[in-house]
Amino acid sequence: MRWRDWWEDVTSGLTELGRRHLAGVALELGAALLLAAAAAGLAWLLSGGRP
Amino acid sequence: MTVRWEWRTVAYYVGLIAAVVGALMLVPLTVAMLSQEWAVAVDFVLSLSVAVSSGCGLMMLRPHRLPDLSWAEGMVIAALSWLVATPLAALPFWLSGQWLSYLDAVFDVMSGLTTTGFTLIQNLDYTSNGINMWRHFLSWLGGQGVIVLALTFLVRSLPGAVRFYFGEAKGERLEPNIVHTARAIWYISLVYLAIGWTALTMLALRLGLAPGRAVLHGLWAFMATWSTGGFAPMAQNLGYYHDGAFEFAVMLFMIVGSLNFHLHWAVWTRDRREIWRNLETVTFATTVTVLAVLVMWDMSRRGLYAGTAALLRKGYFLLLSAHTGTGYATVAPDQYFGASGPLALAAVIAAMLLGGSASSTSGGIKAFRVGLIVKSIVWDIRRLLAPDSAVVIEKFHMFRETVLDDRLVRSALTVVLLYVLTWAAGTAATAAAGYDLAQAAFESASVTGNVGLSAGVTSAAMPAWLKVVYILQMWLGRLEFMSVFVLLAYLWRGMWGR
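Our subject in this report is the structure included herewith. (Residues numbered from 1 in each chain as written. Chains lettered and ligands numbered in written order. Predicted model: local features only at pLDDT ≥ 70, side-chain atom pairs only at ≥ 80, totals over all residues. Heavy atoms only, no water.)

With that settled, the discussion passes to the overall build of chain B. The secondary structure content of chain B amounts to 23 helices and two strands. Buried positions account for 61% of the 498 residues belonging to chain B. Long-range contacts, defined here as pairs at least 24 residues apart, represent 73% of the contacts in chain B between residues at least 6 apart. Total accessible area on chain B is roughly 18,900 Å²; 67% of this is exposed by carbon and sulfur atoms. When the 33 basic and 27 acidic side-chain charges of chain B are each reduced to a single mean position, those positions are 6 Å apart. (Helix = DSSP H or I, 4+ residues; strand = E, 2+ residues; numbered from the N terminus. Buried < 20%, exposed > 50% of the residue type's maximum accessible area, 1.4 Å probe, protein only. Contact = heavy atoms within 4.5 Å. Areas by Shrake-Rupley, 256 points an atom, 1.4 Å probe, with all protein chains shown as cover. Lys, Arg positive; Asp, Glu negative; His and termini not counted. Charge placed at Lys NZ, Arg CZ, Asp CG, Glu CD.)

Another aspect to go through is the packing of helix 19 (residues 367-385) of chain B against helix 20 (residues 406-432) of chain B. Residue and element names in this part refer to chain B. Direction vectors running N to C along helix 19 and helix 20 enclose 130°, while the axes themselves pass 9 Å from each other. On the basis of their axis angle, the class for helix 19 and helix 20 is oblique. Seen along the crossing, helix 19 lies across helix 20 with a hand that is left-handed. Residues Arg369, Leu372, Ile373, Ser376, Trp379 and Arg383 of helix 19 form the contact with helix 20, whose own contacting residues are Asp406, Leu408, Val409, Ala412, Leu413, Val415 and Val416. When the residues that make up the contact of helix 19 with helix 20 are grouped by side-chain class, the tally is nine nonpolar, one polar and three charged. (Axes fitted to C-alpha atoms, helices over the stretch in contact; angles between N-to-C directions. Parallel < 35°, antiparallel > 145°, perpendicular 65-115°, else oblique. Left-handed = near helix turned anticlockwise from the far one by under 90°. Nonpolar A, V, L, I, M, F, W, Y, C, P; charged D, E, K, R; others polar.)

Looking now at the environment of Met223 of chain B. All names here are of chain B. Tracing the backbone through its elements, the reader meets Met223 in helix 11 (residues 211-226). In this structure the C-alpha to C-alpha distance between Met223 and Gly15, which are 208 residues apart in sequence, comes to 26 Å. If we skip the residues at most four places from it in the chain, Met223 touches Met133, His136, Phe137, Trp140 and Leu193.

Attention now goes to the interface of chain A and chain B. Each partner contributes to the interface: chain A provides 26 residues, whereas chain B provides 32 residues. Note on chain A versus chain B: buried area summed over both sides is about 2,600 Å², and carbon and sulfur give 76% of it. When the buried surface of chain A facing chain B is broken down by residue, Glu28, Leu35 and Leu46 of chain A rank first, second and third, together holding 25% of it. At the boundary of chain A and chain B, one finds zero salt bridges. Our count for the chain A to chain B interface comes out at eight residue pairs in polar contact (both at pLDDT 80 or more). Among the residues making up the side of chain A that touches chain B, the classes are represented as 19 nonpolar, three polar and four charged. (Buried area = accessible area lost by both parts, 1.4 Å probe. Salt bridge = Lys/Arg side-chain N within 4 Å of Asp/Glu carboxyl O. Polar contact = N/O pair within 3.5 Å; in protein donor to acceptor, adjacent residues only side chain to side chain.)

Moving on, we come to unusual backbone geometry. Residue and element names in this part refer to chain B. At Asn123, a residue that is not glycine, the phi angle is positive and equals roughly 55°. Counting through the fold element by element, Asn123 comes out in the loop between helix 6 (102-113) and helix 7 (129-144). On the basis of relative accessibility, which here comes to 56%, the residue Asn123 falls in the exposed class. For Thr228, which is not glycine, the phi dihedral falls at a positive 50°. For Thr228, the location among the structural elements is in the loop between helix 11 and helix 12 (244-257). On the basis of relative accessible area, Thr228 is assigned to the buried category, the value being 0%.

Remember, this is a structural readout, not a statement about activity or role.
Set out below in structure tokens:
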């Protein structure tokens, strides 16, 4: 395989990773963040608004 | 004659996995050599030689032509692989001299591979990089599954491979082809490894750790978080870093690590909405939130932690660590176990037993089963309220719309019953060893759910027979019983011919 074919394989693989899979990662981390934010809100309520 | 033929096939695959365990020791061996820990490197070379040679010895027993595996053989291989891999992986620990006995070393390996996180190591703060790498690597590998590992790297077109994949309680396949499924699991883990390792290394650097140490601590913390294992390189556990940002990042990775691999794959490749609709994620989010309220309310009213930040960093972190099966703690056991009230402790015990998602790195009953049981209760109520002639259908969404039926509910209830029985047996055993009932119930839930939070029972000083009970409990909890039962039946048949 010529280096140009190899480079195209790598870049297309990375594009695919970035376009589809990393968006999935961002969504999952966002959902986890939402769950933690809900807990922070509850903690704030339970502590009577103390920081 | 039939028994002998089955035995040789099983021996071949178990030997294959033993050889893989040996080959994996190259990773900590490399770390030990880079850290110029020559004595540790020699321990790894010796252990590696024993594991590879015993694995190759077993592989030489292979029958002339490998037959298609039956379901029973697949399950026996899954269960037996753990029993063979564990004592081999314990060799470097034992040789290092940091464990008081070989049993203690075996305990720690089972704890790592089952992603439990209990440890009996002595002088953890002075542990070499090579040994720490092996501890965390075992935990990370255990999260993926020992069988998944073998399927990924060694088996290309194994007939019946699906049968030992299911034997390890990994649940549904991500892809139609089982080997592609195993590779997809590794792909997901490696992408997260790159992200999590980078993030935690940056945070460790920000805390002032030397660059080399920050890289290793970032890697180990991520491995133990993603695998929901909970091993830590320092005796103070996560409290060593004493940093809100580090703890917050770990919280996010604990949540993501406890998600179903099938869900990751669906969100990454097919349908992003799955994360909001999936029965398992909805159940997990609900139980985490409800139990977190109980823990934080109890801690708050007792004046244990007064402010929002303290409640989050101590109370919520503890609950999340218990629910995801990670077992990380930001405070010492006598602070969370000794000072918490009964309500908070009951909530943490419940969280440890409930666990994360099916087909994830987590242990426990699993959110999927809890969701199914709740759905079945709703279904029963709807059936009671409906006219006699009405046909009531209850559906749930988990990657596709599925009609709830009695068979699914029965299978979920069976696993729940077995978990509760195992927890009760472990509680009775711990109490029989002289510990009080609350301590026993907490520790047993932690062992059964593969969590690793301790009420002060697990230590090198505990009776040897209790260590064996805990090793079996961790193994049963991880494999979700069926593979172990099939293994016992297989051995029974081999011995008595029935």
